[in-house]
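# A look at the structure
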Amino acid sequence: MRNDHLGRLRHTQLVDLQKKQRNKMSRFKKLLKWLLFTIVGFALSLFAFGYWFMGLIPKGDPEFDKSKVVPQSLPYLGEDTISNRGKVLTVVTSTDKIGKSGKETGYELTELSRAYYVFLANGFDVEIASPKGGEPPVIIDDEDMGIYDYAFLKDSVAQQKVKNSLSISDVEADEYQAVYFVGGKGAMFDFPNNTDIQSIVSNCFQSGKVIGAVCHGPAALVNVTLDGGSSILENKSICSFTNKEELFLIADAKDIFPFLLEDKLVENGAKFVEGTMFLENVVQDGNIITGQNPWSTWKVAESMIKQMGFKPKSRILTPEENAIQILENHEDHGYVAAKELITEMADSKLEMNRTLLAMHSIVAAMQWKVNKAFQLVGLVKHAKSEEEKFSLVK
């Protein structure tokens, strides 16, 4: 009997154990099912949001034919022309690879084309030089292209100049009223230690001429020494592509570039003035005018015109510039103020670059600034609604 009792006890214990295991397995299956539904639901929500978000971004105007955009078609260039006021030298990089990374680089087209047309429209002949001369490598980002950039590509005179750029060693600084250094990551490699560039910058500065540079263009200033032995940067307020912008785009920038430009400028005595990431920031210290990034190009060039003693020719702001104004308004005054500005622009039938607004929302999301990202998405949505109201399709 005792053995029977023990047998029944073991059987009961075994049954209880199996029941517990089945319950545990059942709970595990429920948890697994919940996780699966959650993941699928999140994926579907993310897909739906992405689809909706992409719908906010304009697909382009089907009536716009970029191949037909030529300088003569732009009122800024063709109307109220200004007589010759002298010459401006623009300098671009000859470097086509980013150090040992092997990634392609060159000068940024938009940083040349827009400044080129500002100088031209304001009465200056523009010449283009590079460290090696000849045809320099170029970076063309389709998302950043506007009518002036397309016009530059169709401009036979501009293309002849850029494809046959002067060798910087053949340039006579005395012939120019100003010099402008175009950005592009290649400038980090062939601007800083080029003795001809150093000589031109030093001579221009000490002759009271205007020096401009944008984005990576200020790399031309880092090793310039004046006649007294001091750095041209000493106690000068300067800006350039910032460390934050550089490292956001290229995580291993410290290893790829010979230095980070912001660090080098500060190291050589500059008072670095940092603006908001990827927004316009132009800093002027006497005859030295610098811009933080490509979106600062227009203002750098027009500030140079002012510093040369002339009022810049009036022009209609580009959709990109209007978008930058909205983003700056949001940064300084908040969501409501930026939304009101969008309405005002739409009422005035001013086009806005919604793609740029959307890109900034993505940047905010990548920085885990969730509230800012959603606010910027809201601005993109509002811009689309207002533009459609007035049939302003980009």
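Before reading further, recall that the structure is shown in the block above.
Model, not experiment: these values are computed from the prediction.

## Looking at the sheet that holds strand β1 (residues 86-91)
What the 7 strands build is an open sheet, ordered β5-β3-β1-β6-β7-β11-β10; its pairing is mixed. Since the sheet does not close on itself, it has two edges, and those belong to β5 (166-167) and β10 (282-285), each with one partner. Of the strand pairs in this sheet, β1 and strand β6 (residues 178-181) are connected by 4 bridges, and their pairing is parallel. Residue pairing in the sheet places V88 in a bridge with A178 of β6. Lying on the sheet, helix α3 (residues 109-121) is in contact with β1, β3 (124-130), β6 and β7 (210-214); it crosses β3 at an angle near 150°. Contacting β3, β6, β7, β10 and β11 (288-291), helix α11 (residues 297-307) crosses the sheet at an angle of about 175° to β7.

## Looking at a nonpolar patch on the surface
On the surface, V138, I140 and L153 cluster together to form a nonpolar patch covering roughly 210 Å² of accessible area. Inspection of the secondary structure assignment puts L153 in helix α4 (residues 147-154).

## Regarding the pattern of salt bridges
Side chains that differ in charge, positive against negative, can pair when their charged atoms come close. Going through the model one piece at a time under the given rule, you end up with 13 salt bridges. A salt bridge links K264 to E267; the shortest N-O distance between them is 3.6 Å. In this pair, K264 and E267 both sit in helix α10 (residues 261-267), 3 residues apart, roughly one turn of the helix. Sharing partners across several salt bridges, the network here consists of K87, E127 and E175.

## Some points on the environment of S240
Positionally, S240 belongs in the loop between β8 (237-238) and α8 (243-249). The class of S240 is buried, set by a relative accessible area of 0%. Along the chain, S240 and G183 lie 57 residues apart, while their C-alpha atoms are 9.4 Å from each other. Once residues lying within four places of it in the same chain are set aside, the contact partners of S240 are C215, P218, E245, L261, E262, L265, F272, G291 and Q292.

Each value, and the rule that gives it
- Residues numbered from 1 in each chain as written.
- Predicted model: local features only at pLDDT ≥ 70, side-chain atom pairs only at ≥ 80, totals over all residues.
- Heavy atoms only, no water.
- Pairing = 2+ DSSP bridges.
- Helix = DSSP H or I, 4+ residues; strand = E, 2+ residues; numbered from the N terminus.
- Contact = heavy atoms within 4.5 Å.
- Axes fitted to C-alpha atoms, helices over the stretch in contact; angles between N-to-C directions.
- Patch = residues over 30% accessible without salt bridge, like charges linked within 9 Å, V, L, I, M, F, W, Y side chains within 5 Å.
- Areas by Shrake-Rupley, 256 points an atom, 1.4 Å probe, with all protein chains shown as cover.
- Salt bridge = Lys/Arg side-chain N within 4 Å of Asp/Glu carboxyl O.
- Buried < 20%, exposed > 50% of the residue type's maximum accessible area, 1.4 Å probe, protein only.

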